[in-house]
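Spelled out, the chains give:
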Amino acid sequence: MKFPSTLNVFRLNSGAAMPVVGLGLYQMPNNHLTQKAVDNALKNGYRHIDTAAIYHNEEVVGKAMVTSLIPREQVFVTTKLWNSDHGYDHAIKACHASLARLGLDYVDLYLIHWPVQGKRKDTWRALETLLEDGKCKSIGVSNYMAHHLEELLGYCKVPPAVNQIELHPYIFSTRAETIDLCRNAGIIPVAYSPLTKGVKLGDPRLQKIASKYGKSTAQLLIRWALQQGFAAIPKSSVISRIIENINVFDFEISANDMEELNSLDENLVTGWDPAGAL
Ligand SMILES: NC(=O)c1ccc[n+]([C@@H]2O[C@H](COP(=O)([O-])OP(=O)(O)OC[C@H]3O[C@@H](n4cnc5c(N)ncnc54)[C@H](OP(=O)(O)O)[C@@H]3O)[C@@H](O)[C@H]2O)c1
């Protein structure tokens, strides 16, 4: 799959265009350093920022959008509803609170962070209302496995635009059922922790393949995600790495190397595992 440099986007089922690489902001503090990182990312070509209420850094994302001088409509901002904000009324309030912290009139994508049992149906109805009210341009879910998605597709009026889940070669086959369901339902998978939180960047098998293309193992993993049809949201607080991580549009991983990467699965979950969530 080739991504022309001017058109590095996925078209979502909402009609919105989502840049295929975004900057992840988990564990980035709500301070000037994160503001600077986001500002630098925007100045270096990023147009997609991934935050969440629970990351407690929405304020500095909003500030960086102002200082970067990039027009609002050119930046795709995702935030997420935290677990304690499920339920119709709570979810509406939570979205408004996120918008206030971001200093924005709307977010491009609002996600349910985790499929909290018993409440997620009412919460999805709230997201549909927020979409109708223009508070978000697209709505989606995160950490939804196949059984959560099937349930949601059974009652939703608006299907989710994306499903943000942990995705890298080391968990790829384990997530096959969820990925297939997303693909069949027109839901774009967004790869979180696409760099395995750094754990596997020194894997000699990755190094061998990356060196063929003159790329780093981080760039190889991001490119692998894109060629699978996933968006990727690598996190870095280091400017040189932020730039490195979006420099993935000038090479293509061969079919053989994709196969080799696809075979690395070891059910590696670096964060929380939604597979057992009811
Ligand atoms: N929805 C969810 O439940 C969920 C869960 C987890 C993550 N996410 C989202 O996905 C984003 C990314 O996932 P993640 O933060 O878990 O992990 P990640 O992006 O897989 O890895 C981040 C780690 O890799 C390092 N790194 C980044 N670029 C590098 C490079 N070019 N070379 C070497 N090391 C590099 C970073 O260190 P430095 O910062 O020091 O560069 C950091 O330690 C999050 O920030 C968040 O936005 C969502």
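Computed from a predicted model, the values in this text were never measured in an experiment.

Roughly 660 Å³ of internal volume is contained in the largest pocket. Y26, Q27, S193, K197 and K235 are, among the 31 residues lining the largest pocket, the residues nearest its centre. With three residues, the single largest contributor to the lining of the largest pocket is helix α9 (residues 239-246). When grouped by side-chain class, the residues that make up the lining of the largest pocket number 14 nonpolar, twelve polar and five charged.

This next bit is on the UniProt feature "active site" (unreviewed entry) in the protein. Per the UniProt annotation, the sites labelled "active site" (unreviewed entry) are Y55. Relative to the elements of secondary structure, Y55 occurs in the loop between β4 (48-50) and α2 (58-67). By relative accessible area, Y55 is classed as buried at 13%.

Taken together, 29 residues lie near the ligand, and D50, S142, S193, S236 and R241 sit nearest. A distance of 2.9 Å separates an oxygen atom of the ligand from a polar atom in the backbone of S237. Here the ligand occupies the largest pocket. At three residues, the largest contribution of residues to the shell around the ligand is made by α9. Residues belonging to the shell around the ligand are distributed by class as follows: twelve nonpolar, eleven polar and six charged.

Soluble globular proteins tend to pack their nonpolar side chains together in the buried interior. If you look at the biggest cluster of nonpolar residues, it comprises 85 residues, and the most contacted ones within it are M18, Y110 and V162. Every residue in contact with Y110, bar those within four places of it in the chain, is listed here: T79, K80, L81, A91, A94, C95, L127, L130, C136, S138, I139 and G140.

Here we come to the packing of aromatic side chains. Following the criterion strictly, the structure yields six aromatic pairs and no others. Arranged with centres 5.7 Å apart and planes meeting at 50°, the rings of Y213 and F251 form a pair that is tilted. On the criterion of sequence distance, the pair formed by Y213 in the loop between α7 (204-212) and α8 (217-227) and F251 in the loop between α9 and α10 (255-262) is long-range, its members being 38 residues apart. Note that R72 overlies the ring of Y106, its terminal NZ or CZ placed 4.0 Å from the centroid. Above the face of the Y106 ring, K137 is positioned so that its terminal group lies 4.5 Å from the ring centre.

Among the residues making up helix α5 (residues 146-155), those that are buried are A146, H148, L149 and L152. End-on, the buried residues of α5 take up no more than an arc of 155°, which puts them together on one face. Against the buried residues of α5 lie α4 (120-132), β7 (136-142), β8 (162-166) and α6 (176-185).

Below, the discussion takes up the environment of F10. Within the fold, F10 resides in strand β1 (residues 9-11). Take F10: its relative accessible area is 10%, and that puts it in the buried class. Each C-alpha atom of the pair F10 and I209 lies 26 Å from the other, and the pair is 199 residues apart in sequence.

With that settled, consider the sheet that holds β4. The strands that make up a sheet pair up through hydrogen bonds in the backbone, lying either parallel or antiparallel. With respect to topology, eight strands assemble into an open sheet ordered β3-β4-β5-β6-β7-β8-β9-β10, the strand pairing being parallel. Whereas interior strands pair on both sides, the edge strands pair on one side only; in this sheet they are β3 (23-24) and β10 (231-232). The sheet contact formed by strand β6 (residues 107-112) and β7 spans five bridges and is parallel. Across the sheet, the residue bridging to V107 is C136, located in β7.

Next up on the list: the packing of α2 against helix α3 (residues 88-102). Across the interface, α2 lies against α3 with an axial gap of 7 Å and an inter-helix angle of 45°. Here α3 runs oblique to α2, going by the angle between their axes. Packed against α2, whose contacting residues are E58, E59, V61 and G62, the element α3 presents S98, R101 and L102 at the interface. Across the contact of α2 with α3, the residue classes break down as two nonpolar, two polar and three charged.

Moving on, we come to the environment of H32. Among the structural elements, H32 can be located in helix α1 (residues 32-43). For H32, a relative accessible area of 59% translates into the label exposed. The spatial distance from the C-alpha of H32 to the C-alpha of A64 is 9.2 Å, given a sequence separation of 32 residues.

What follows concerns the pairing of β8. Side chains on a regular strand alternate between the two faces of the sheet. Within β8, five of the five residues are buried, leaving the element largely enclosed by the surrounding structure. Here β7 pairs with β8 via two bridges, running parallel. The residue bridging V141 from the neighbouring strand is N163, located in β8. With α5 bridging β7 and its parallel neighbour β8, the resulting β-α-β unit is right-handed.

Conventions adopted
- Residues numbered from 1 in each chain as written.
- Predicted model: local features only at pLDDT ≥ 70, side-chain atom pairs only at ≥ 80, totals over all residues.
- Heavy atoms only, no water.
- 1 Å grid on protein atoms, 1.4 Å probe; cavity = no way out; pocket = protein on both sides within 12 Å on 5 of 7 lines; lining within 4 Å.
- Points joined across faces, edges and corners; volume = space filled by probe spheres on them.
- Helix = DSSP H or I, 4+ residues; strand = E, 2+ residues; numbered from the N terminus.
- Nonpolar A, V, L, I, M, F, W, Y, C, P; charged D, E, K, R; others polar.
- UniProt positions renumbered as here; feature names shortened; annotations may be inferred.
- Buried < 20%, exposed > 50% of the residue type's maximum accessible area, 1.4 Å probe, protein only.
- Near = heavy atom within 4 Å.
- Polar contact = N/O pair within 3.5 Å; in protein donor to acceptor, adjacent residues only side chain to side chain.
- Sits in = over half its atoms within 2 Å of the grid points.
- Core = buried A, V, L, I, M, F, W, Y, C linked by side-chain atoms within 4.5 Å.
- Contact = heavy atoms within 4.5 Å.
- Phe/Tyr/Trp six-rings, centres within 6.5 Å; stacked < 30°, edge-to-face > 60°.
- Lys NZ or Arg CZ within 6 Å of the ring centre and 35° of its normal.
- Arc of directions from axis to C-beta.
- Pairing = 2+ DSSP bridges.
- Axes fitted to C-alpha atoms, helices over the stretch in contact; angles between N-to-C directions.
- Parallel < 35°, antiparallel > 145°, perpendicular 65-115°, else oblique.
- Right-handed = clockwise from strand over helix to strand, strands pointing away.

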